[in-house]
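The lines below spell out each chain.
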Amino acid sequence: MLVAVARHGSVTAAAHALNYAQPSVSHHLARLEAETGTKLVQRAGRGIRLTDAGRLLAERATEVIGRLDAAENELAVFAGLRAGRLRLAAFPSALSTIVPAAAAILHERHPSVDLRLTEAEPPEAVRMLRAGYVDVALVFRHEVAEGGRPGARDTAAGHHPDKAAQDDEQVAVAEQDDLREQVLLSEAVHLIVPDTAVRGGTLPLAPAVTELWPADLARLSEQRWIAGCDRCREHLLQQCALAGFTPKIAFTTDDFVAVQALVTAGLGVALLPGLALRAARNQGVRTARLRGTRRCVVAVRYGEPPDPPATTVLLDALRAAAADAPSRSGTSSPEPASVA
């Protein structure tokens, strides 16, 4: 009842959504307050609103209800009542690249498994995972490449910088509270600039430059910048801070197609990861790899191991798709020429 009130904003709307009479909902809320010994709702004009305690309990109740639904699905799989329903939340560039390839692999190997997809940026994907609305959350985070300075290698010896995590790195699981992580892919980040001068202006970067370090971004300090989602914006600010300036952010969009269109029109420059360029590459842009930083794509699961069988086969498919991602990205160059 409390979750329905929080979700729909009033007792009347909650009653309608639950197909209950309004007095019944009010009665159950009063009982819940009596059981908890805490005021959960308060009057606001002609309606009600949740107190701080009410909002906290509603958030936890959403997680509990979601986990019960997930448990029911997992038990049904073990009992053989259905072949398996899988729910995956992923960010846009993964949904355009790794996820379709993984879905195809999954369908080929396990055609009876029902995969359902949801687009969500990392924070929302993790919230959905905790609440039990998805079984796996595909997220990303930006990390300093090994060394993080000119002349340092990006990965351990023998590892190509654009290949999916291998050996120990591939199977390493990071324990964070009740979440378990597995790195699927480590990819390069690229500076995106117009391929040709726009409206009689000058190129923001010399054509011969195909890679640069954060400090080199200082020569673009007068350019307007295009920022992405919250995490991408934070990464942009960090990289520009290393170069000693604050970027002039003129546009903000998490649509990587729109980002490239804005760059092509001469309205700014941007940073984009390899998967975004693989998903949709505008021929009007030129890229220069930004050294010293990378973006990791991570599969996150909730709760104690082992994973349910269906989740395990999904992870296998995601790993296989991630391993093939670099060779199909179309973002690599034979031997990049440094800005130096």
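Bear in mind that the values here come from a model prediction, so they are computed numbers and not experimental data. (Residues numbered from 1 in each chain as written. Predicted model: local features only at pLDDT ≥ 70, side-chain atom pairs only at ≥ 80, totals over all residues. Heavy atoms only, no water.)

Enquirer: When you look at the overall build of the protein chain in this model, what are you seeing that I'm missing?
Expert: On a plain count of helices and strands, the protein chain comes out with twelve helices and twelve strands. Carbon and sulfur atoms form 52% of the exposed surface of the protein chain, whose accessible area is close to 17,000 Å². (Helix = DSSP H or I, 4+ residues; strand = E, 2+ residues; numbered from the N terminus. Areas by Shrake-Rupley, 256 points an atom, 1.4 Å probe, with all protein chains shown as cover.)

Enquirer: Got a minute to help me understand helix α2 (residues 11–18) in this structure?
Expert: One turn of an α-helix holds 3.6 residues; hence residues three or four places apart share an orientation. Taken together, the buried positions of α2 are occupied by Val11, Ala14 and Ala15. Along the long axis of α2, the arc covered by the buried residues comes to 100°, so they all point the same way. Looking at the buried residues of α2, the elements they touch are α1 (2–8), α3 (22–36) and β2 (47–50). (Buried < 20%, exposed > 50% of the residue type's maximum accessible area, 1.4 Å probe, protein only. Arc of directions from axis to C-beta. Contact = heavy atoms within 4.5 Å.)

Enquirer: Please explain unusual backbone geometry as it appears in this structure.
Expert: Both trends apply: most residues other than glycine have a negative phi, and most peptide bonds are in trans. Here the bond from proline 305 into proline 306 is cis, since omega is 5°, no more than 30 degrees from zero. Relative to the helices and strands, proline 306 is located in the loop between β12 (285–302) and α12 (309–329). Of note in the backbone geometry, asparagine 19 takes a positive phi value of approximately 65° without being a glycine. Its location among the elements puts asparagine 19 in the loop between α2 and α3.

Enquirer: Sorry, what's going on with the state of the cysteines here?
Expert: Taken as a whole and assessed by the stated rule, the structure comprises zero disulfides. Summary of cysteine pairing: cysteine 232 is not part of a disulfide, and the nearest cysteine sulfur, belonging to cysteine 229, is at 3.2 Å. Taking the relative accessible area as the measure of exposure, cysteine 232 reaches 23% and is therefore partly exposed. (Disulfide = S-S within 2.5 Å.)

Enquirer: Looking at this model, I keep getting lost on the packing of aromatic side chains. Mind explaining?
Expert: Aromatic rings in a pair are described by how distant their centres are and how their planes are angled relative to each other. If you walk through the whole model with that rule in mind, you get two aromatic pairs. With a centroid separation of 5.0 Å and an interplanar angle of 75°, the aromatic rings of phenylalanine 91 and phenylalanine 140 are classed as edge-to-face. Of this pair, phenylalanine 91 sits in the loop between β3 (85–90) and α5 (92–95) while phenylalanine 140 is found in strand β5 (residues 136–144), placing the two residues 49 residues apart along the sequence. Each member of the pair, phenylalanine 91 as well as phenylalanine 140, is classed as buried. For the pair tryptophan 225 and phenylalanine 245, a centre-to-centre distance of 6.4 Å together with 40° between the ring planes defines the contact as tilted. One end of the pair, tryptophan 225, is in strand β9 (residues 224–227); the other, phenylalanine 245, is in the loop between α9 (230–242) and β10 (248–252), with 20 residues separating them in the sequence. Relative accessible area serves as the criterion here: at 0%, tryptophan 225 is assigned to the buried category. Overall, phenylalanine 245 belongs to the buried group, its relative accessible area being 12%. Taking the ring centre of phenylalanine 140 as reference, the NZ or CZ of arginine 295 above it sits at 4.6 Å. (Phe/Tyr/Trp six-rings, centres within 6.5 Å; stacked < 30°, edge-to-face > 60°. Lys NZ or Arg CZ within 6 Å of the ring centre and 35° of its normal.)

Enquirer: How should helix α10 (residues 256–264) be read in this particular structure?
Expert: Among the residues of α10, those classed as buried are Phe256, Val259, Gln260, Leu262 and Val263. An end-on view of α10 places all buried positions within 160° of arc, on one side of the element. The N-cap of α10, judged by a side-chain oxygen 2.9 Å from the amide nitrogen of valine 257 a few residues on, is aspartate 255. (Polar contact = N/O pair within 3.5 Å; in protein donor to acceptor, adjacent residues only side chain to side chain.)

Enquirer: For this particular structure, what's the right way to read the confidence of the model for the protein chain?
Expert: Low pLDDT means the predicted atomic positions in that stretch should not be read closely. On average, residues of the protein chain score 81 in pLDDT, and 81% of them are at 70 or above. Per-residue pLDDT stays below 50 along residues 150–175; that stretch engages in 56 contacts with residues further than four places along the chain or on separate chains. (pLDDT = per-residue confidence, 0-100.)

Enquirer: Help me understand the packing of α2 against α3, please; the structure alone is not making it clear to me.
Expert: Axes are the key here: two packed helices are described by the angle between their axes and the distance separating the axes. Two numbers describe how α2 lies on α3: the axes approach to 8 Å, and their chain directions differ by 110°. When the interaxial angle is binned, α2 and α3 end up roughly perpendicular. Where α2 approaches α3, its residues Val11, Thr12 and Ala15 are matched on the opposing element by Gln22, Val25, Ser26 and Leu29. Within the contact of α2 with α3, the residues separate by chemical class into four nonpolar, three polar and no charged. (Axes fitted to C-alpha atoms, helices over the stretch in contact; angles between N-to-C directions. Parallel < 35°, antiparallel > 145°, perpendicular 65-115°, else oblique. Nonpolar A, V, L, I, M, F, W, Y, C, P; charged D, E, K, R; others polar.)

Enquirer: Looking at this structure, I do not really get empty space enclosed by the protein. What am I missing?
Expert: By rolling a water-sized probe across the atoms, one finds the places where empty space is left. This structure, assessed with the given rule, holds two cavities of 30 Å³ or more. Roughly 300 Å³ of internal volume is contained in the largest cavity. Lining of the largest cavity is provided by 26 residues; of these, Gly228, Cys232, Leu271, Leu272 and Pro273 occupy positions nearest its centre. Of all the elements in the fold, those that place two or more residues in the lining of the largest cavity are α5, β5, β9, α9, α10 and β11 (269–273). (1 Å grid on protein atoms, 1.4 Å probe; cavity = no way out; pocket = protein on both sides within 12 Å on 5 of 7 lines; lining within 4 Å. Points joined across faces, edges and corners; volume = space filled by probe spheres on them.)

Enquirer: Explain the pairing of β12 to me, please; I cannot follow it from the model alone.
Expert: Looking along a regular strand, one sees the side chains alternate between the two faces of the sheet. Burial within β12 is extensive, with 17 of its 18 residues counted as buried. Summarising the sheet, strand β8 (residues 211–212) and β12 pair through two bridges and their orientation is parallel. Of the residues in β12, the one forming a bridge with glutamate 211 is arginine 289. (Pairing = 2+ DSSP bridges.)

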